[in-house]
Amino acid sequence: MLTSLEILNGDMSLNFDPLNTIYTITLNTNDDYLKFNYTLLDGATLNVYGNELKEGLNEVVLTVYNKSNQTSYYLYVLKKDTSLVSNLDNSLTSLDISKKEMNTYTVPLIGVSCFLFILLFFTFLFKKN
């Protein structure tokens, strides 16, 4: 009964097929409703439910009916938040690093202690009984 459907302010994931009743649409504009063009068969009537869109996922139902048939098309519309958010932080902090001099015996002490630890480890590991 619905022969063509075109979404004017969004992107439809699939091309319209009258036999497919579920579509996903991404809204491109800041509109609060879905704009569309459609073509109906003679004697058919279209009702639209849920075309007040909020942020996030919305469901719009297009119900097409005549005297003997009724078909519903479900449009899942994703409305993204398009507000521009900008936050500039102008507060600068500086790191105050004070340079400390190491003692002259610190580096040789670390080297000697590592050597003794490795020597002790290998003597316990490879000691013959």
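Residues numbered from 1 in each chain as written. Predicted model: local features only at pLDDT ≥ 70, side-chain atom pairs only at ≥ 80, totals over all residues. Heavy atoms only, no water.

*Asks:* Can you explain the nonpolar core? Please cite residues and give values.
*Replies:* Among the nonpolar cores identified, the biggest contains 19 residues, and Leu 5, Leu 34, Phe 36, Leu 62, Val 64, Leu 75 and Val 77 are the most heavily contacted of them. The residues contacting Val 64, other than those within four sequence positions of it, are Met 1, Leu 2, Leu 40, Ala 44, Thr 45, Leu 46, Asn 69, Gln 70, Thr 71 and Tyr 73. (Core = buried A, V, L, I, M, F, W, Y, C linked by side-chain atoms within 4.5 Å. Buried < 20%, exposed > 50% of the residue type's maximum accessible area, 1.4 Å probe, protein only. Contact = heavy atoms within 4.5 Å.)

*Asks:* Got a sec to walk through the pattern of salt bridges? Specific residues and values, please.
*Replies:* Under the definition given, this model contains two salt bridges. Measuring nitrogen to oxygen at the nearest pair gives 2.6 Å for the salt bridge that ties Lys 79 to Asp 32. Highlighted residues: Lys 79 in strand β7 (residues 70-79) and Asp 32 in the loop between β3 (22-27) and β4 (36-40), separated in sequence by 47 residues. Assessed through its relative accessible area of 6%, Lys 79 is described here as buried. (Salt bridge = Lys/Arg side-chain N within 4 Å of Asp/Glu carboxyl O. Helix = DSSP H or I, 4+ residues; strand = E, 2+ residues; numbered from the N terminus.)

*Asks:* Describe in detail the packing of aromatic side chains, supporting the description with residues and values.
*Replies:* For any pair of aromatic rings, the description rests on two quantities: the centre-to-centre distance and the angle between the ring planes. By the definition in use, this model includes five aromatic pairs. For the ring pair Phe 121 and Phe 122, a centre distance of 6.0 Å and an interplane angle of 75° mean the geometry is edge-to-face. The class of Phe 121 is partly exposed, set by a relative accessible area of 46%. Since its relative accessible area comes to 41%, Phe 122 is described here as partly exposed. Pairing Phe 122 with Phe 126 gives two aromatic rings, centres 5.6 Å apart and planes at 15°, and the pair type is stacked. Ring pairing ties together the aromatic residues Phe 16, Tyr 23 and Tyr 73, which thus form one cluster. (Phe/Tyr/Trp six-rings, centres within 6.5 Å; stacked < 30°, edge-to-face > 60°.)

*Asks:* Give me the lowdown on the environment of Gly 43, citing residues and values where you can.
*Replies:* Of note, Gly 43 is situated in the loop between β4 and β5 (45-49). With a relative accessible area of 65%, Gly 43 lands in the exposed category. Placed 22 residues apart in sequence, Gly 43 and Tyr 65 show a C-alpha to C-alpha distance of 8.6 Å. Excluding residues that lie within four positions of it along the chain, Gly 43 makes contacts with Tyr 65 and Asn 66.

*Asks:* How would you explain the sheet that holds strand β2 (residues 10-12) if you had to name every residue and give the values?
*Replies:* Spatial ordering of the open sheet is given by β2-β3-β7-β6-β5, a layout of five strands whose pairing is mixed. Of all the strands in the sheet, just β2 and β5 have a single pairing partner and so form its edges. Neighbour-to-neighbour, the strand axes of this sheet turn through a mean angle of 25°, independent of strand direction. With five bridges joining them, β3 and β7 adopt parallel strand pairing. Its bridge partner being in β7, Thr 24 is matched across the sheet by Tyr 76. (Pairing = 2+ DSSP bridges. Axes fitted to C-alpha atoms, helices over the stretch in contact; angles between N-to-C directions.)

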